[in-house]
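# Architecture and fold: a report
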Amino acid sequence: MTKSMTAFARSESGHISWEIRSVNHRYLEVGVKVPDAFRSLEIGLRNKLKARLNRGKIDCQLRIGHSQASEASLSIDEKLLEDLTGALATIIPKLETVAPVNPLEVLKWPGLLSEPTEDEESIKRTVVELFDTALAQLIEMRSSEGAELRKIILEKLADLRSIVDQAATEAPIISARQRDKMISKLNDLKIDADPGRIEQELVIMAQKSDVAEELDRLNTHIEEVSATLDSKEAVGRRLDFLMQELNREANTLSSKAVATNTTIQAVELKVAIEQMREQIQNIE
């Protein structure tokens, strides 16, 4: 299946959020950034990514903000405060000298002041659920972008087929013209040449300029690219290899060109192949 390696996803709930970015890379490279309190989740999250992605540089960022609970007012134990107040009322009159009671010092009494806490396991479950959501979004975006890349590549393949078909149609005509041109020159020079030797030279010339094999291989590679695009597996590396093969045949075609049209067709082939290759660099 054609999937792009470039994508972005974000999933959040309350004070917890995940961001996952994916860009081109030859292999799969995973980076997961989480606060120290959530390091125990990292291996499991990495395994989730490796199970569902094949290529790309993946950067995952977990952010934990302040929850509503942590921003709530501090809680005072009213019963304990009454006991402390009663104790102070008892001992202060019995002291000859006593400084005014500092409220801040009273608040330091063990157990008097408490902060709301969140359930750590509950937070971790939320973190994993949000990660799964973000990963699903990332894969969906990669698939959507990949579908668009597939369309572009298919359009370029159609261009390649058209160019190859045109070259195949013109090749015999060009070969015949080359033969006629050589015979005409010999006749103009009025050289009494051995007909057998002339025929031999014509055959050698035809072999050197024959592009049928290159055109056949180009057609084969074009069909292989089309079939690869329909594969259920990751196709990026194979498509990249096929681009190299297509470019090799286009270069050979160019080197054998004996007519301007063939040279132009070889250039058009290489341009279209390069345009495809640029798109394929984004495919997983």
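Let us look at the structure shown here. What you are looking at is a predicted structure, and each value in this text was computed from that prediction instead of being measured.

How each quantity is defined
Residues numbered from 1 in each chain as written. Predicted model: local features only at pLDDT ≥ 70, side-chain atom pairs only at ≥ 80, totals over all residues. Heavy atoms only, no water. Helix = DSSP H or I, 4+ residues; strand = E, 2+ residues; numbered from the N terminus. Buried < 20%, exposed > 50% of the residue type's maximum accessible area, 1.4 Å probe, protein only. Polar contact = N/O pair within 3.5 Å; in protein donor to acceptor, adjacent residues only side chain to side chain. Expected span 1.5 Å × (residues − 1). Arc of directions from axis to C-beta. Axes fitted to C-alpha atoms, helices over the stretch in contact; angles between N-to-C directions. Parallel < 35°, antiparallel > 145°, perpendicular 65-115°, else oblique. Left-handed = near helix turned anticlockwise from the far one by under 90°. Contact = heavy atoms within 4.5 Å. Nonpolar A, V, L, I, M, F, W, Y, C, P; charged D, E, K, R; others polar. Pairing = 2+ DSSP bridges.

## Focus: the side chain of Glu-19
Structurally, the position occupied by Glu-19 is in strand S2 (residues 16–23). In this structure Glu-19 comes out as buried when scored by relative accessible area, which is 13%. Here Arg-10 takes part through its side chain, which lies 2.6 Å from a polar atom of the side chain of Glu-19.

## Some thoughts on the environment of Ser-231
With respect to the helices and strands, the residue Ser-231 is situated in the loop between helix H7 (212–229) and helix H8 (236–256). On a C-alpha basis, the gap between Ser-231 and Thr-2 in space is 8.0 Å, while along the polypeptide they are 229 residues apart. Within the structure, the side chain of Ser-231 is placed 3.1 Å from the backbone nitrogen of Glu-233, a separation counted as a polar contact.

## Some details on H7
Given a rise of 1.5 Å per residue, 18 residues ought to cover 26 Å, and the 26 Å separating the end C-alpha atoms of H7 matches this to within 8%. Inspection of H7 places Glu-214, Leu-215, Leu-218, His-221, Ile-222, Val-225, Ser-226, Thr-228 and Leu-229 among the buried residues, and these make up the whole buried set. Mapping the buried residues of H7 onto a view down its axis gives an arc of 165°, with all of them on the same face. Across H7 from its buried face, at more than 90 degrees, point the exposed residues Asp-216 and Thr-220.

## Brief notes about the packing of H7 against H8
Running from N to C, H7 and H8 point in directions that differ by 160°, and their axes come no closer than 10 Å. Classified by the angle between their axes, H7 and H8 sit roughly antiparallel to one another. The hand of the H7/H8 crossing is left-handed. In contact with Glu-214, Leu-215, Arg-217, Leu-218, His-221, Ile-222, Glu-224, Val-225, Thr-228 and Leu-229 of H7, H8 contributes Arg-238, Leu-239, Leu-242, Met-243, Glu-245, Leu-246, Glu-249, Ala-250, Thr-252, Leu-253 and Lys-256. Class assignment for the residues of the contact of H7 with H8 results in 11 nonpolar, 3 polar and 7 charged.

## Brief notes about the pairing of strand S1 (residues 7–13)
In this structure, S1 lies alongside S2, joined through 7 bridges in antiparallel fashion. Its bridge partner lying in S2, Ala-9 is registered against Ile-20. What sits between the antiparallel neighbours S1 and S2 is a turn of 2 residues, in which Gly-14 has the positive phi angle 60°.

## Some points on the pairing of S2
If a strand is regular, its side chains alternate between the two faces of the sheet. The buried count for S2 comes to 6 of 8 residues, which makes it a mostly enclosed element. For S2 and strand S4 (residues 56–64), the ladder comprises 8 bridges, and the chain directions are antiparallel. Paired with Glu-19 across the strands is Gln-61, a residue of S4.

Everything listed here is a matter of geometry and, on its own, says nothing about what the molecule does.
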